[in-house]
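Chain by chain, the residues run as shown.
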Amino acid sequence: MLLVLVLALAVLGGGATLATWATRSGPFADESYCWGAWTEGSGPRVLGDDFARAAEESGSPERGEQATCVVAFGVPGTEEMKSPDTSAHGRTPRAGEGAGGHRLVARVGPPPRSTDRARQAWLAEALHSSAAPLPDGLPGVVGPGRGTLVLPEECDSGDVPTVVTVRSEGDVSYLDSEREAAELLLSLAETARREAGCATGKPERITAPVRTAPGEETYPEERPACRVPGMRFAPRRGGLGGYASTAGDRLHSCSLELTGKDGEVDARGQFVATSLPRLVTLFAGAAGEDSSRSPDAGSSRSPGAGWRGKGRIEGRDGLVGLVTAECRGRPTVFFLHLDDPLARAAAPGAREVFARSANSVTERLGCPAVGPRE
Amino acid sequence: MTGEDDPKEKSDMNDNPEDPGTPAPPSAPGAPGRLRRMARSRGGIAVVGALVGALLGTGVMSWRAGDLPFAARDMCWGSLSPDVAEALFTDTDVRSDELPLRRATEDSMHTECSMQGFGDDELESEVTASVRTLGELRGAQAWDWTRQYLSSRMTPLGDGITGMASSQRAWVALPTSCHERSYEPGEKPPLRVVTLASGASDPDSVNEVDARRGLDAMSRAVVRLANGVMDEYGCEGRYPDPPKLPGPPEGKSVKALDNDRLCGLRGVELPGWARGEDVSAARTTPGTEADGPVTGGVRSCDVGRPFALDRIRLTTVADPKLAGVVSRVLGERADRLGGDGKGAHAGGLTIYTADCQRGRAAFVAWEKNPADDADDADDTAGGRRSLGLTVLPSYVKTEAKRAGCGEVNVKVPSLPTT
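This one's a predicted model, so the numbers in the text were calculated from it and none came from an experiment.

**Student:** Can you break down the environment of T398 of chain B residue by residue, with the values?
**Tutor:** Residue and element names in this part refer to chain B. Along the chain, T398 falls in helix α8 (residues 387-402). As for T398 and D291, which are separated by 107 residues in sequence, their C-alpha atoms are 9.3 Å apart. Setting aside chain neighbours within four positions, we find T398 in contact with L265, R266, G267 and V268.

Okay, structure coming up:
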């Protein structure tokens, strides 16, 4: 269930310059990859002696620019390492197509400018719920195959945050734990801050144990999806599954997949409620209305009758709902995106499911309902 | 999750090392102390207990003696530095003995470390550290732990740590990624905790100064203990020292009872027949708000006479792993309850569970001194009233919302109405 193809859409920042292979800076120095963020033998298994690696950087992590780095790795001497695929848009083979190549993909840059599909696809990847919130209050998530961290405000370009993501691509993740993914993520973040000239503050560090990411769950019709009361679906065909992340006080997220008989994912959905200010910035304008991404601009309207706060609910093709309302004194984002087949399966309807899901979270947090009460 | 705006105020225990905390009552004076001293005097003698469960059961303990005498060392599997350990005692002479943390046997249920405070070379008090697989407890053992460690005396440690502390008890859950042994993919490792215990879990009175010092000392020591055990297991990550916790949980935190809002909960009433002097005070888990989320995963409320609080305890356990432990307390012979979740009732204990946003949550009503009629079958027919069964439906309905379970209705056997 990889969402890799979708990722490719999100990558491109125009005119990215290719190449710059990782180079040895001295005859005995350890090789390093991705602008120097990841050094051979620095801990994670994928950077160890068991693997050969080839890397390619496109762009450099400057403020407001999109930069991508791909590290292809594999057993030395194998076919895939003779012609490693290090292109930013490399396609990962689907299940059943053989092992294929394994890649670590590092990305640094702002969320896509687009306020509709591309942004929603990006959010679905960046805050995928197979990752758990980072410890020590850091604004990000990490799972065994992925990690996302929003850099501090001094790295913003205008109102737009800079986001660092790491993704392990391939049939299985070769990252041994959430901790390894977190280490790769933080060293990439440190490098990105240095390159972008915003490394003035303290580098982000993780000292506390990293949470174990949630496993995949299935949601039969009689159970609420994502374990959120009010999130009900009655798909005419296919099975509903997903990942329900830790339902914390500051971040609650869930990723949904509607899978057909052939095992292909027919539709996806994502629900997020967060009051972490850096994560809130990722949603500005994500309901597709306004090119301005200031957190206030473009969401100055009421989302509809009975709703508290500001935002927009767009239900023409699938559903995208984005509402910002105060909860326990904190501006909190409530976001639901459903591809069309899921929106049509929502019971009793997609808008109702958004309202009920948001209200389930406010009920748990002990703040007034955000959506209309029925 | 912790917010970046959480206070990081540190305990100031280091400033008063000569002024330490817990006034644990003398527990096993005399002979054990002398035995221990003999063992120590020979130094480096190791007597390794192989089957701890059996040994604990028979009351015979084999301890591995400490290191060289006179050398200040970190106690309890190398996790507690002398200043952290000594803060747990009023005595200055603190000695420790421990069973090995990793043991040759497969059964890793429980291992212990004993710290003892000596005054005038006589044993005066004892604090026991343990590492145990809570997730495998059931029945009376699971209840015994729940009763002692989830009372309203316990304050959540916060800061992303799953754990609580009072001046008498403390616990921290080891992270799900950290185990003594490795588990197969798909195998679910059971919940494992480190605990500290000193004297009675629910003493009649603790003066406020001692309670404050005890809470500070216990909360710091239990986090260090968890870090030390994680280190021994080779797990990565260490918890920071906890902030100064709200409290102390004794004395002033006991409030007059609002009969219409039991434990501060809107919609939860104390029934008329139960009102009176005997049920006039309540204490709720410090640092939690009645109308807020169950942040630390546990919220308890003890209700009764002002000092004893001995009538009933209501507990919400929103942490799924802990809720699993609580759900295994009552066995098959308990009377089942109906409704949207699952529940059972036996003696004065009622436990109800439901599926919620974080997973399973458990709700407990425990009558501490149930009127014990000879014919138990009579209690549903109106022979005697159960306060627990009377209050549970409204308690669960209110707390289930805060635990993220939505609307949960409980069906109890028909109760007398007056």
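**Student:** Describe in detail the confidence of the model for chain A, supporting the description with residues and values.
**Tutor:** Residues and elements named next belong to chain A. Mean pLDDT over chain A works out to 85, with 86% of the residues at or above the 70 mark. Per-element confidence in chain A ranges from a low mean pLDDT of 39 for helix α1 (residues 4-11) to a high of 97 for strand β16 (residues 330-338). Across residues 1-27 the pLDDT falls below 50, and counting only partners more than four positions away or on other chains, this stretch makes 45 contacts in the model. Contacts from residues 291-298, a stretch scored under 50 in pLDDT, to residues over four places away or in other chains number 17 contacts.

**Student:** Summarise unusual backbone geometry; cite the residues concerned and give the values.
**Tutor:** Peptide bonds are, in most cases, trans, and in most cases residues other than glycine have a negative phi. Residue A347 of chain A is joined to P348 of chain A through a cis peptide bond whose omega torsion reads 5°. Phi is positive for D120 of chain B, close to 55°, though the residue is something other than glycine. Tracing the backbone through its elements, the reader meets D120 of chain B in the loop between β2 (110-119) and β3 (122-132). D120 of chain B sits in the exposed class, given 7 other C-beta atoms within 10 Å. You will see that C263 of chain B, though not glycine, has its phi angle at about 55°, which is positive. With respect to the secondary-structure elements, C263 of chain B resides in the loop between β8 (255-256) and β9 (281-284).

**Student:** Quick rundown of the domain arrangement of chain A? Include the residues and the values.
**Tutor:** By a widely used convention, the size of an interface equals the accessible area lost when the partners come together. All names here are of chain A. When the domains of chain A are assigned, the result is domain 1 (4-195) and domain 2 (217-365). Each partner contributes residues to the interface: domain 1 has 19 residues there, and domain 2 has 27 residues. If you list the elements that add at least two residues to the side of domain 1 that touches domain 2, you get α3 (117-126) and β6 (132-133). The element that contributes the greatest number of residues to the side of domain 1 that touches domain 2 is α3, accounting for five residues. Of the residues that constitute the side of domain 1 that touches domain 2, the class distribution is 11 nonpolar, five polar and three charged.

**Student:** For the pairing of strand β15 (residues 359-367) of chain B, give the residues involved together with the corresponding values.
**Tutor:** All names here are of chain B. For β15, the buried fraction is high: seven of the nine residues fall into the buried class. As defined by bridge partners, strand β11 (residues 312-317) adjoins β15 across six bridges and the pair is classed as antiparallel. In the sheet register, I312 faces β15, and the bridge partner there is E367. Across eight bridges, the pairing between strand β14 (residues 349-356) and β15 is antiparallel. Each bridged residue has a counterpart across the sheet, and for A354 the counterpart in β15 is A361. Two successive antiparallel strands, β14 and β15, enclose a turn made up of two residues.

**Student:** Can you explain the sheet that holds strand β11 (residues 239-244) of chain A? Please cite residues and give values.
**Tutor:** Residues and elements named next belong to chain A. On the basis of which strands lie adjacent, the open sheet formed by seven strands has the order β10-β11-β12-β13-β16-β15-β14 and antiparallel pairing. In the strand order of this sheet, the two ends are held by β10 (217-218) and β14 (310-314), each with one partner. For strand β12 (residues 251-259) and strand β13 (residues 265-274), the ladder comprises nine bridges, and the chain directions are antiparallel. Bridge pairing links S255 to Q270 in β13. Lying on the sheet, α3 is in contact with β12, β13, β15 (319-327) and β16; it crosses β13 at an angle near 75°. Against the sheet, helix α7 (residues 350-365) touches β12, β13, β14, β15 and β16, its axis set at about 25° to β15.

Calculation notes
Residues numbered from 1 in each chain as written. Chains lettered and ligands numbered in written order. Predicted model: local features only at pLDDT ≥ 70, side-chain atom pairs only at ≥ 80, totals over all residues. Helix = DSSP H or I, 4+ residues; strand = E, 2+ residues; numbered from the N terminus. Contact = placed C-beta atoms within 7 Å. pLDDT = per-residue confidence, 0-100. Buried ≥ 20, exposed ≤ 12 C-beta atoms within 10 Å, placed from the backbone. Domains from an automatic or database assignment. Nonpolar A, V, L, I, M, F, W, Y, C, P; charged D, E, K, R; others polar. Pairing = 2+ DSSP bridges. Axes fitted to C-alpha atoms, helices over the stretch in contact; angles between N-to-C directions.

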